[in-house]
Amino acid sequence: MLIGEIDIKQVIKEGTEYLCNAVQTTLGPNGANVILHNEQGIPYPTKDGVSVAKKVFAEDPYTNAVIHLIRETALKTAELAGDATTTTTILTSALISEGIDKANIAFIEGMQYAMKDVVDMIRLWKTDVDYNSDMLKAVATISANNDTFIGTIVAQAFNRAGANGTVLFEESPTSSTFIEESAGTIMDKGYADNAFVTNNKTLTAEYNKPIFLLIDDRLDKFNKIESILNKCVKTDKDLIIFAHDFSTEVLRMLAVNHRKGIIRVVPIAIEGIGSNKSEYTKDIAALVGAPLVQEGMYFGGTCEHITVSQLQTVITVGEDENKAFNERLDRIKALIDSATEEKTKEYYQKKLAKLAGKLCTIKVGGFTPAERKERYDRVEDAVCATKSALEEGVVPGGGITFYRIAEGLELKALESKFAEATTNGYKAVLRAICKPIEILAANSNVAFSRVERCPEDKGVDFKTRQYVDMLEAGIIDPAKALRVSIEHAVAAASLLLNTKCIIP
């Protein structure tokens, strides 16, 4: 069944507003809690926009299709920037509201022009931060819904890990929340297929003290590793397989054996391009202590723990002295010293940082499952937002950066020589980026006139209702979160405003 052009506008508008109304109540220091239910049906409160967005569905399949599209856009923002799920939803809703009755190609082009100008302005507003900056604590605290304890512990984790380390988080076996340090490495490659997931809650494959098989080539035939698999079955060892790539046949056979419980295994395609794959194979072999058993094949060795997601692999090793690995690190250091090209030197420096970095894991505790889950959500937000702040800097928070950017670009919109429809699309974006601060004010019962009267060099602290220097007060947002949120919102709105039918 199709929905015609007459009805489609109402469906898009209703679906957008339905999702937006659910998540916007959580925005800001005075945002409200939303009660959700976990997989066991146990209710728990949260102010986490990501968690709320994941639970929003409509009975009508057409409306639900719109909700799904916007939700996935917002979740992608959180994945890339660690924050701004709610902001992305609010921006998308505002753009849909602005353009639903007048959008055409020229209007959408105007939105695209405005988005590029907003992104350029965000870069001008940003302030860079480092691992020792007090701003890290501020970013983490705000992202954790103004929880100072979580903000402090997240900032400490990043400070201890340093530029070469990695910060992770997982549920604590106790009621306490604390930092656990270990040695290890992280790879930008995950499992070759989700059939090997062992933890359906986190969609990861996790093993303690597994054995490793590394193939310095594409693994295209199952019989090449059949004898090794039999050895693992006899010793009841979990197996981690690294190879340049895997054939469909190999993945299918491994999945069958894994599903039947014959052997627990996870295949991982090694990162890198060309000859770099061989070097990474040797790196991992040295890290876990896997000896060369035949040409192009390493088998043996272990690690304390390995967590494999769709996008990355984290290998945690023990503190025992590893002569082969130390020799490998010395070789990479020598390559850095001898490199004559800056790109080559930078490549080996990043490689060394990954292999020799420190892993700081935040163990998230709570007295009840509901408390632990709610705190875990806030730690996740804080860690991801802090990573974004380190990548692209920070800007004044509380919605004031978008608000000031809109003021600054208003004159450009008035002086533009765009066609009327294009100018309308440009102005729609400027009005949309003012929406977050309007909702912050509403959630805090602050008259918007206070925002309008705010001095140019300050913003509104919605917690104290005072005018403050936002950076000095620690009210800041990751610049990356603002950038990704406006990019994704314009992309989603452009798609929906140019939609003429939905097929359920």
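As the structure is a prediction and not an experimental result, all values here were calculated from the model.

Peer 1: A description of the pattern of salt bridges should follow, citing residues and the corresponding values.
Peer 2: Tallied over the full model, the rule gives 25 salt bridges. Linking Glu-79 and Lys-76 is a salt bridge whose minimum nitrogen-to-oxygen distance equals 3.2 Å. Of the two residues, Glu-79 and Lys-76 are both situated in helix H3 (residues 61-81); the distance of 3 residues between them amounts to about one turn of the helix. Given the relative accessible area of 36%, Lys-76 is considered partly exposed. Among the ionic pairs, Arg-431 bridges to Glu-98, the shortest N-O distance being 2.9 Å. Of the two residues, Arg-431 is situated in helix H15 (residues 420-432) and Glu-98 in helix H4 (residues 85-99); the sequence distance between them amounts to 333 residues. For Arg-431, a relative accessible area of 39% puts it in the partly exposed group. It is possible to trace a salt-bridge network through shared partners that takes in Glu-279, Lys-282, Asp-283, Arg-328 and Arg-331.

Peer 1: Which residues make up the sheet that holds strand S4 (residues 178-187), and what values go with them?
Peer 2: The strand order across the open sheet formed by 6 strands is S3-S13-S4-S12-S11-S5, and the pairing between neighbours is mixed. The open sheet has two edge strands, strand S3 (166-171) and strand S5 (205-208), and neither has a second partner. Each adjacent strand pair in this sheet contributes to an overall mean axis angle of 30°, direction not counted. Inspection of the sheet shows strand S11 (residues 305-308) paired to strand S12 (residues 313-317) by 4 bridges, in the antiparallel sense. What sits directly across from Thr-307, in S12, is Val-314.

Peer 1: Give a description of the state of the cysteines that names residues and reports values.
Peer 2: Here the structure, examined in full by the defined rule, presents 0 disulfides. Unpaired in this structure, Cys-384 has its nearest cysteine sulfur neighbour in Cys-360, at a distance of 16 Å.

Peer 1: Before we move on, could you go through the sheet that holds strand S7 (residues 239-246) and cite the residues and values that matter?
Peer 2: If you trace the 5 strands from one edge of the open sheet to the other, you get S8-S7-S6-S10-S9, paired in mixed fashion. Strands at the two margins of the open sheet, each flanked by one partner only, are strand S8 (265-269) and strand S9 (292-294). Neighbouring strand axes in the sheet, compared pairwise and without regard to direction, differ in orientation by 30° on average. In this structure, S9 lies alongside strand S10 (residues 297-300), joined through 2 bridges in antiparallel fashion. Note on S10: the bridge partner recorded for Leu-292 is Tyr-298. Packing of helix H10 (residues 275-288) onto the sheet brings it into contact with strand S6 (211-219), S7 and S10, and relative to S6 it is tilted by some 170°.

Peer 1: How would you explain the environment of Asn-322 if you had to name every residue and give the values?
Peer 2: Here Asn-322 shows up in the loop between S12 and helix H11 (323-338). The spatial distance from the C-alpha of Asn-322 to the C-alpha of Leu-287 is 7.7 Å, given a sequence separation of 35 residues. For Asn-322, the contacting residues outside a window of four places in its chain are Ala-286, Leu-287 and Gly-289.

Peer 1: Lay out the packing of H3 against helix H19 (residues 479-497) with the relevant residues and their values.
Peer 2: Their axes nearest at 9 Å, the elements H3 and H19 cross at an angle of 160°. What the angle tells us is that H3 and H19 run roughly antiparallel. Considering how the two elements wind past one another, H3 and H19 form a crossing that is right-handed. Between H3 and H19, the contacting residues are Val-66, Leu-69, Ile-70, Thr-73, Lys-76, Thr-77, Leu-80 and Ala-81 on the first element and Lys-480, Ala-481, Val-484, Ser-485, His-488, Ala-492, Leu-495 and Leu-496 on the second.

Peer 1: A description of H15 should follow, citing residues and the corresponding values.
Peer 2: Taking 1.5 Å of rise per residue, 13 residues should cover 18 Å, and H15 covers 18 Å from first to last C-alpha, within 8% of that figure. The inward-facing, buried residues of H15 contact H4, helix H5 (105-125), helix H14 (400-415), helix H16 (435-443) and H19.

Peer 1: Requested: an account of the confidence of the model for the chain, with residues and values cited.
Peer 2: Chain-level statistics for the chain give a pLDDT mean of 88 and a share of 98% at 70 or above. Note on residues 1-6: pLDDT is under 50 here. Beyond four places in sequence and across chains, it has 14 contacts.

Conventions adopted
Residues numbered from 1 in each chain as written. Predicted model: local features only at pLDDT ≥ 70, side-chain atom pairs only at ≥ 80, totals over all residues. Heavy atoms only, no water. Salt bridge = Lys/Arg side-chain N within 4 Å of Asp/Glu carboxyl O. Helix = DSSP H or I, 4+ residues; strand = E, 2+ residues; numbered from the N terminus. Buried < 20%, exposed > 50% of the residue type's maximum accessible area, 1.4 Å probe, protein only. Pairing = 2+ DSSP bridges. Axes fitted to C-alpha atoms, helices over the stretch in contact; angles between N-to-C directions. Disulfide = S-S within 2.5 Å. Contact = heavy atoms within 4.5 Å. Parallel < 35°, antiparallel > 145°, perpendicular 65-115°, else oblique. Left-handed = near helix turned anticlockwise from the far one by under 90°. Expected span 1.5 Å × (residues − 1). pLDDT = per-residue confidence, 0-100.

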